[in-house]
Amino acid sequence: METVELLTEIFNRASEESSILPVSRIFLRQYLPQILEIGHVNLIVNSCKNFTKSESLSLLLCVPELWEKMNLSDWTAVIQLMSPRPKYSIFDPVGWYTDIEFLIKWLNLDALELLFSLDTVTIEDKKQICNFCRANANSLQLSQEDFEDLDGQVLCSADSLKKYREKLLSSDRNLLPKYSDGLSFQGYIEDIWLENFSYTGAT
């Protein structure tokens, strides 16, 4: 079964059968063998490009088996394969920036540090990702409420995210955030914007 076809079946069935929407880890367990047969990078990219942010993010948070063996080069491949990203809009339901949200919010990593180290990502894509971060600075920081479903049943466990974060940081300590909350993150993004894009007059 093709990747998009499988994901379409999962989300359609979940809308009728899952007690938690758009999907829960409990519901997805029946699909784990099929999910894990697909290349992880390929599945994440197809999910982000073809399904809503809520669906693609839920998939990442429900299936730690998708990413627990991925390294930084795999996430680099995801970021590159998401190109070209459309101009960020709050009205676009598709999860074009879900990979960035997962890295920044749920893993508490400085994905912008990784992004700007990649010469293979276009300036336009970097600009759109920065626009996404500027528009969502506060919501890209974990709140106490976000931890409530990280129990290993509805979503993955908080411990699985923590362990995976440490794994990625062991490869590159530069991914440690240089900010501590939404306000300092906003300032951090604005500094990046001024350094890289202010000369273009872009908004």
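Above this text sits the structure in question.
Residues numbered from 1 in each chain as written. Predicted model: local features only at pLDDT ≥ 70, side-chain atom pairs only at ≥ 80, totals over all residues. Heavy atoms only, no water.

### Comments concerning the side chain of serine 47
- By the element assignment, serine 47 lies in helix H4 (residues 40–50).
- Excluding residues that lie within four positions of it along the chain, serine 47 makes contacts with Leu7, Ser56 and Leu59. (Helix = DSSP H or I, 4+ residues; strand = E, 2+ residues; numbered from the N terminus. Contact = heavy atoms within 4.5 Å.)

### Some points on the side chain of arginine 25
- Locating arginine 25 in the fold gives a position in helix H2 (residues 25–28).
- Classification of arginine 25 as buried rests on a relative accessible area of 13%.
- Looking at arginine 25, its side chain comes within polar contact range of the main-chain oxygen of cysteine 62, at 2.8 Å.
- When sequence neighbours within four positions are dropped, the list of residues in contact with arginine 25 reads Cys62, Val63, Pro64, Glu65, Gly152, Gln153, Val154 and Leu155. (Buried < 20%, exposed > 50% of the residue type's maximum accessible area, 1.4 Å probe, protein only. Polar contact = N/O pair within 3.5 Å; in protein donor to acceptor, adjacent residues only side chain to side chain.)

### Digging into the nonpolar core
- Of all hydrophobic cores here, the largest spans 69 residues; its most connected members are Ile10, Ile35, Trp67, Trp75, Leu112, Cys133 and Phe185.
- Among all residues touching leucine 112, those that are not within four sequence positions of it are Ile129, Cys130, Cys133, Phe185, Tyr188, Ile189 and Ile192. (Core = buried A, V, L, I, M, F, W, Y, C linked by side-chain atoms within 4.5 Å.)

### Thoughts on the pattern of salt bridges
- Applying the stated criterion to the full structure yields eleven salt bridges.
- With a shortest N-O distance of 3.3 Å, lysine 163 and aspartate 159 are connected by a salt bridge. Residue lysine 163 and its partner aspartate 159 are both found in helix H10 (residues 158–171); the two are separated by four residues, about one turn of the helix.
- Residue aspartate 159 is classed as partly exposed on the basis of its relative accessible area of 41%. (Salt bridge = Lys/Arg side-chain N within 4 Å of Asp/Glu carboxyl O.)

### Some words on the environment of leucine 21
- Note on placement: leucine 21 falls in the loop between helix H1 (3–17) and H2.
- A relative accessible area of 55% places leucine 21 in the exposed class.
- Once the C-alpha coordinates of leucine 21 and isoleucine 38 are considered, the two residues, 17 residues apart in sequence, prove to be 23 Å apart.
- Contacts of leucine 21, omitting those with residues within four sequence positions, involve Ala14 and Ser15.

### What to know about the environment of threonine 52
- Position of threonine 52 relative to the elements: it lies in the loop between H4 and helix H5 (53–62).
- Among all residues touching threonine 52, those that are not within four sequence positions of it are Pro93, Val94 and Gly95.

### Digging into the packing of aromatic side chains
- Per the counting criterion, the structure on display carries twelve aromatic pairs.
- Here tyrosine 179 and tyrosine 188 contribute two aromatic rings whose centre-to-centre distance is 5.4 Å and whose plane-to-plane angle is 40 degrees, an arrangement assigned as tilted. Like tyrosine 179, the residue tyrosine 188 is buried in the burial classification.
- Connected via pairs of aromatic rings, a cluster forms that spans Trp67, Trp75, Phe102 and Tyr164. (Phe/Tyr/Trp six-rings, centres within 6.5 Å; stacked < 30°, edge-to-face > 60°.)

### So, H4
- Within H4, burial applies to Val41, Leu43, Ile44, Val45, Asn46, Ser47 and Cys48.
- Looking at the packing, one finds that the buried side of H4 touches H1, helix H3 (32–37), H5, helix H6 (72–81) and helix H7 (98–106).

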